[in-house]
Amino acid sequence: MKEKIQELLIAAQKALKDKGVLPSEMPTVKATLERPRHKAQGDYASNIAWVLAKEGKQSPRTIAEQIIREFPASPFIEKVEVAGGGFINFYVLPATYGAVIERVLTEGKHYGSSNLGQNRKVLIEFVSANPTGPLHVGHGRGAACGASLANILSASGFSVHREYYVNNVGRQMDILAVSVWLRYLELLGGQAITLPLNTYVGHYIIDIAQAFMEKVGRQFYALLPGCASKQEATKGEAGERELDALLIEAKSLLGEEKFTAVRTFGEEAILKDIQEDLTQFGVTFDAWYKEQSHFRDGKMQKVIERLDATGDLYHHDGALWFNSSKYGDEKDRVVRRGNGELTYFASDLAYHLTKVERGFDVLINIVGADHHGYTTRLTAAMKALGYPKILNFILVQFAVLTRGKERLSMSTRSGVFVTLRELREMVGNDAARFFYVMRKSSQHMNFDCELARSKSHENPVYTIQYAHARVASVFKKLAPLGWRYDQTMGLQNVGLLKTKEEERLLGKLSEYPDCVEAAAKQYEPHPVAHYLQECAGCFHRYYNEHRVLVEEPPLRNARLALSLAVKQVVANGLSLLGVSAPDTM
RNA sequence: GCGCCCGUAGCUCACUUGGAUAGAGCAUCAGCCUUCUAAGCUGAGGGUAGCAGGUUCGAAUCCUGCCGGGCGCGCCA
């Protein structure tokens, strides 16, 4: 319907140009059509007259009136009116409202899909948490957001590739290795040790050490390094230096080969845990891209050569710098340190260059808000490399977990985390997936666990799933009453659906494709979550007001068809968000 | 100190990227009611969109300054 009106508007513009009312060299604009908030403003509205007025040198009101005069007749349109200063309101014939039911039932699970993306290749990178510990609730939001967005883009005709970037290089991984090793020594030695500052202290490290011990026995035993046998951890800068010394000591005590073995064991154990966690959460990836692979095949050298060719690299104080301030960053960044080592930034550049080389047209990076400082320098580098527009960052703000009034998760600084697994066990996967994407990702959000786990109408997930289950339960009622659903009869009689609630519901169903499209264009899943709440709300209001299983077969089957369409749309929307659509609750 | 994000009803949040009288859900208040399994339904009140300017036919949305909150500012990863 929307497309049809847009075509008619283009035809009307053409007619005006032919008649010389509008300058013929003026570009034809595709009108933006929206759904007015108020019923008195028609079913669709366009501001096209305002847009044309700028170039056409006439008042919007006059142009609007002329468009209406040239607007071709259509069997679907009841009337077209000018309102306000130049809005054009379109009134669709109420008899055609019901047509959406047949469309939904025919298209089934594909209703809402489109060819918006024209098969363009999108790489969506998300979660990408360092493999040094379990995922926490902050990662959960990125995971839910990315997985849902990937579904939405996929349904919108994009060819979607989901990727997790594994930062398995650098000091943090060495620290992980030492953390595991010290716990291993503790297990063998039977005496408690003091873990130095900034090592990983979670219980999961002990589990990994235990598994490691079971695998290798005493082969990795050595005397306790000096600073691990102290009574108390050293704090501040001195603690960091002590940690560096410990890393060196551990490497020399174990030898490079054994040290690497511990590190790899730890990394693999944690990655396995993360993968299980995400899989249970319904979040899957097409690839787990390991940072370490850059160092093997010369990608680092290649990206530096590419950048050097643009003339944006320079030497200063013995280091190699990228002139990122030229491209909007606040200062320049080091690519290779004075000691010859490449920085994390260089590695990230190499990774992003591979994304382009792998032939993706659109890159979407979903990152936590705490990493926003990194976005400008990467964007700057992509500009320098000649891809000014390819990279899109979605910044996901932290979710504050609450249970009623009680605050559960602390800020990053305090280091007290609730794990994603704990959250899932507390509220269930469905509620977690939905609550995470209920708000615009750039918004700080409140995640009320008490609400999420409650089975009441106040809980949006419950209400939406219930709409789906409610339709299923109505259909189960049919047989005991001696009736059968006759879809042909139902579709023939959709004209009988003309109560206020039915018209609203039909309108809501026809909005669904627009909603998915909006979500795809914004790279945001939350419009779908919002839509589902509205759609379910409309259905429940309808259901409370009118009886579906009435005596007269034509009306009964029409209402059953409508209900079935609602069930389908709810199921489609929930599936985009990775939430189940149960038949019974 | 500098940079980025955010500020909308009592609370949690929308407004389809500059359009019409800023909308939902909770909570509150007033009525109704016992249902195709769902203690529910209907209606009402509630707003200077942080504050102050600016841009234009038109601003919650764009630009500037202040106020308040979050996050980030290494030749760390």
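Please read all numbers here as calculations on a predicted model, not as lab measurements. Sequence order as written defines the numbering, with residues in each chain counted from 1. To label them, take the chains in the order written and letter them from A, then take the ligands in the order written and number them from 1. Local features in a predicted model are, by the rule used here, given only for residues with pLDDT of at least 70; side-chain atom pairs are given and counted only at 80 or more, and totals for whole chains, interfaces and linings are based on all residues. By convention in this description, side-chain values take in all heavy atoms of the structure and omit both hydrogens and water.

The next thing to look at is the protein's contact with RNA strand B. A single heavy atom is enough: if one lies within 4 Å of a molecule or strand, its residue is considered near that molecule or strand. Taken together, 55 residues lie near RNA strand B, and F87, Q172, Y466, K477 and Y543 sit nearest. The sugar-phosphate portion of RNA strand B accounts for 61% of its atoms within 4 Å of the protein, the bases making up the rest. Within the side chain of Q41, an N or O atom sits 3.2 Å from a sugar or linking oxygen of RNA strand B. Any N or O atom pair separated by 3.5 Å or less is treated as a polar contact, with the protein-specific requirement of one donor-capable and one acceptor-capable atom, and with residues adjacent in sequence counted only for side-chain atom pairs. For RNA strand B, a phosphate oxygen lies 2.9 Å from a polar atom in the side chain of R547. Mapped by element, the contributors of at least two residues to the surface near RNA strand B are α2 (48-56), β4 (87-92), α6 (171-189), β9 (319-322), α13 (373-384), β15 (445-448), α17 (460-478) and α20 (526-545). The residue makeup of the surface near RNA strand B, split by class, is 18 nonpolar, 22 polar and 15 charged. Helix and strand definitions here come from DSSP, where helices need a minimum of 4 consecutive H or I residues and strands a minimum of 2 consecutive E residues; each element is numbered from the N-terminal end. Amino acids outside the nonpolar list (Ala, Val, Leu, Ile, Met, Phe, Trp, Tyr, Cys, Pro) and the charged list (Asp, Glu, Lys, Arg) are all regarded as polar, and Gly is one of them.

This part covers the nonpolar core. By size, the foremost hydrophobic cluster in this structure holds 145 residues, and its most contacted members are I101, Y184, I364, L423 and F447. Looking at this core element by element, the count peaks at eleven residues for α6. Look past the residues within four positions of Y184 in its chain and what remains in contact with it is A209, F212, M213, V216, G217, R218, Q219, F220 and Y221. Nonpolar core, defined: a set of buried Ala, Val, Leu, Ile, Met, Phe, Trp, Tyr and Cys residues in which side-chain atoms within 4.5 Å join the residues together. Note on classification: 1.4 Å probe, protein chains only; a residue is buried when its accessible area is under 20% of the maximum for its type, exposed when over 50%, partly exposed between these limits. If you look at the next biggest cluster of nonpolar residues, it comprises 26 residues, including A350, L353, A380 and M382. Contacts are residue-level and defined by heavy atoms, with any inter-residue pair within 4.5 Å sufficient.

Cavity: a set of points on a 1 Å grid over the protein atoms alone where a 1.4 Å probe fits but cannot get out. Pocket: an open set with protein on both sides within 12 Å along at least five of seven lines, its lining residues, like those of a cavity, having an atom within 4 Å of a point. Grid points are joined across faces, edges and corners, and a volume is the space filled by probe spheres set on the points. All told, the structure shown has two cavities of 30 Å³ or more when counted by the stated rule. Looking at the largest cavity, its volume works out to about 40 Å³. For the largest cavity, the full set of lining residues is K299, K302, V303, A350, L353, T354 and E357. Counting only elements with at least two residues in the lining of the largest cavity, the list comes to α11 (299-309) and α12 (344-357). Broken down by element, the lining of the largest cavity gets its largest block of residues, four residues, from α12. Looking at side-chain class alone, the lining of the largest cavity contains three nonpolar, one polar and three charged residues.

The next point concerns the state of the cysteines. Put plainly, a disulfide is one covalent bond tying together the sulfur atoms of two cysteines. Note on terminology: disulfide denotes any pair of cysteine sulfur atoms within 2.5 Å. Enumeration according to the criterion identifies zero disulfides in this entry. In this structure C145 is not part of a disulfide, and its nearest cysteine sulfur, from C515, lies 15 Å away. With a relative accessible area of 4%, C145 lands in the buried category. With no disulfide partner, C538 has as its closest neighbouring cysteine sulfur the one in C535, 6.7 Å distant. The exposure class assigned to C538 is buried, which follows from its relative accessible area of 6%.

Looking now at α12. The span expected for a helix works out to 1.5 Å for each residue beyond the first. In this model α12 runs 20 Å from its N-terminal to its C-terminal C-alpha over 14 residues, within 8% of the 20 Å that 1.5 Å per residue would give. By the criterion of burial, α12 is predominantly enclosed, with twelve of the 14 residues buried. Those residues of α12 not exposed but buried are F345, A346, S347, D348, L349, A350, Y351, H352, L353, T354, K355 and V356. Looking one or two places after α12, you find G359, whose phi comes out positive at around 90 degrees.

Each residue gets a pLDDT score, which is the predictor's confidence in that residue and runs from 0 to 100. In the predicted model, chain A carries a mean pLDDT of 88, and 95% of its residues have values of at least 70. Considering only residues more than four positions removed or in separate chains, one finds that residues 411-415, a stretch of pLDDT under 50, has two contacts.

With antiparallel pairing, the three strands of this open sheet are ordered in space as β8-β9-β10. Two strands in the sheet have a free side with no partner beyond their single neighbour: β8 (313-316) and β10 (333-336). Strand-to-strand, the axes of this sheet are offset by a mean angle of 45 degrees, without reference to chain direction. Relative to β10, β9 is paired through three bridges, and the arrangement is antiparallel. By the bridge assignment for β10, W321 is matched with V334. Axis lines are fitted through C-alpha atoms, for helices just across the contact stretch, and the angle between N-to-C directions can take any value from 0 to 180 degrees. Here α11 sits on the sheet in contact with β8, β9 and β10, set at roughly 100 degrees to β8. Strand pairing is assigned whenever DSSP detects at least two bridges linking the two strands.

With respect to the element layout, I124 can be found in strand β5 (residues 121-125). The class of I124 is buried, set by a relative accessible area of 0%. Taking the C-alpha atoms as reference, I124 lies 8.7 Å from L149; in sequence the two are 25 residues apart. Sequence-distant contacts of I124, that is, excluding residues within four places in its chain, are made with G146, L149, A150, V160, H161, R162, E163, I364 and I366.

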